[in-house]
Amino acid sequence: MPITCITLFKTILQLLLAAALLTGVALSQTGLAASQPQSQASPAAQPETHITPQQAQELFRSVDQILAFASQDSGLPIRHTVKRALVSRE
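Description of the structure in this document. Note that the structure is predicted; figures quoted are calculated from it, not measured. (Residues numbered from 1 in each chain as written. Predicted model: local features only at pLDDT ≥ 70, side-chain atom pairs only at ≥ 80, totals over all residues. Heavy atoms only, no water.)

1. Considerations on helix α2 (residues 53-74)
Between its first and last C-alpha atoms α2 spans 31 Å; for 22 residues at 1.5 Å apiece the expected length is 32 Å, and the two agree. Along α2, the residues that are buried comprise Ala56, Phe60 and Ser71. For α2, the angular spread of buried residues about the axis comes to 50 degrees, placing them on one side. Residues of α2 that are exposed and angled more than 90 degrees away from the buried face: Gln54, Gln65, Ile66, Phe69, Gln72 and Asp73. Positive backbone phi, at 80 degrees, marks Gly75, one or two positions downstream of α2. (Helix = DSSP H or I, 4+ residues; strand = E, 2+ residues; numbered from the N terminus. Expected span 1.5 Å × (residues − 1). Buried < 20%, exposed > 50% of the residue type's maximum accessible area, 1.4 Å probe, protein only. Arc of directions from axis to C-beta.)

Quick look at the structure:
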């Protein structure tokens, strides 16, 4: 029996539907695992950390490199630089 366009289309559609269902199941299971709170780790138990001035310079240098890459990759010009300010929660 020769494969017709309709048969091929139905087969591809069924495969895409199965892939979408499997992806949905996988995402829902990972979402459930991530949403369950961990009883051992509490936010108060971990001390607040601050970055050093050297780490801040490295961070800003990385931001500049990422901005330059994004501009070059997209072909869009850089209109403004990224503001450099570190803030704490206080």
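2. Things to note about the pattern of salt bridges
All told, the structure shown has one salt bridge when counted by the stated rule. Linking Asp64 and Arg84 is a salt bridge whose minimum nitrogen-to-oxygen distance equals 2.2 Å. Within this pair, whereas Asp64 is found in helix α2, its partner Arg84 is found in the segment after α2, the two being separated by 20 residues in sequence. Residue Arg84 is classed as partly exposed on the basis of its relative accessible area, which comes to 39%. (Salt bridge = Lys/Arg side-chain N within 4 Å of Asp/Glu carboxyl O.)

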